[in-house]
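Understanding the architecture of this molecule
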Amino acid sequence: MTLDEMKRAAARAAIAYVPDNCIVGVGTGSTANHFIDALAEIKGRIDGAVASSEASAARLKSHGIPVYDLNAIDRLPVYVDGADEINHYLHAIKGGGAALTREKIVAAVAEQFVCIADYTKRVETLGRFPLPVEVIPMARSHVARELVQLGGRPVYREGVLTDNGNVILDVHGMSIVEPGKLEGEINQIVGVVTNGLFARRRADVLLLGTEHGVETYR
C-alpha cells in the first residue's frame, strides 16, 4: 500500500464521524482532498461544508457541495483535516499548505477535530517538520529575530502569500517538547497572526493510515 493509499484510507474512515444533516468543517492539503472526494459520495446526507482555504472551497464546489461562511452557521459538529506531524498526545504541526490560520479558526469552532494522516506523520517529538508561522508582512524581520531568540531558525517561504494576504516563516531546528507553551509564546510576538502548533486545540481523534489498515487514537 502506497502512502497515498494510506491517506485515502484514513480520509474514507473519517466519513463515519460525519453526522447526517450537518455542516462539515474541511481542512486543506493532499489528505484533506481525499476526504473531500469521499464526502462527495455522501453529499446527499449533509447540508454543506466550511472550508479552511480557497483551494478546498473550490474542490468542494466542484463536487456540488455547498460551501458556507463560518460566520453564517450556528454550530460545527466536526472538522476533518490532515497534519504535517502529530504526536501521541495528538498535538500537531500544521500549515505546510499555508492555511494554518483558517485551519486553526475552524478547529476552534468545531465540537470534534478528527485528524487524518498516514503513519509517517506520527512522531515522538514535534519539530522535525519546520513550524509554519503566519506573519503580517511588515513585521517579518522583527518576528524572525524573535523566533531566533526562541531557539529556531526561521526561513522566509518565498513566493507564498496566505489566503489572508500574509507571509509564512518556517521555523527549522526546534525540538518541541512543550507544544502548548511554545504555541503561546510565539503567538505573543507582535506581528504574528498565529503559528502552526495545534496543541491548545489538539485533535480529538487521529485516524492513521498504515500498511495494516487504519488505526484510531484518542
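Quick summary incoming for the structure in this document. (Residues numbered from 1 in each chain as written. Predicted model: local features only at pLDDT ≥ 70, side-chain atom pairs only at ≥ 80, totals over all residues. Heavy atoms only, no water.)

1. Section: a nonpolar patch on the surface
The grouping of Ile136, Met138 and Val193 at the surface amounts to a nonpolar patch, some 310 Å² of accessible area in total. Mapped onto the elements of the fold, valine 193 is located in strand β10 (residues 192-195). (Patch = residues over 30% accessible without salt bridge, like charges linked within 9 Å, V, L, I, M, F, W, Y side chains within 5 Å. Areas by Shrake-Rupley, 256 points an atom, 1.4 Å probe, with all protein chains shown as cover. Salt bridge = Lys/Arg side-chain N within 4 Å of Asp/Glu carboxyl O. Helix = DSSP H or I, 4+ residues; strand = E, 2+ residues; numbered from the N terminus.)

2. So, the layout of surface pockets
Of the volumes computed, that of the largest pocket is approximately 270 Å³. Along the walls of the largest pocket sit 13 residues, with Val50, Ala51, Asp69, Leu70 and Arg102 positioned nearest its centre. Put simply, the parts of the chain that give the lining of the largest pocket at least two residues each are β2 (48-51), α3 (54-62) and α4 (100-109). Residue composition of the lining of the largest pocket, grouped by class: 8 nonpolar, 1 polar and 4 charged. Lining the second largest pocket are 15 residues; nearest its centre among them are Thr28, Gly29, Ser30, Ala83 and Asp84. Looking at the lining of the second largest pocket element by element, the count peaks at 3 residues for helix α2 (residues 30-40). (1 Å grid on protein atoms, 1.4 Å probe; cavity = no way out; pocket = protein on both sides within 12 Å on 5 of 7 lines; lining within 4 Å. Points joined across faces, edges and corners; volume = space filled by probe spheres on them. Nonpolar A, V, L, I, M, F, W, Y, C, P; charged D, E, K, R; others polar.)

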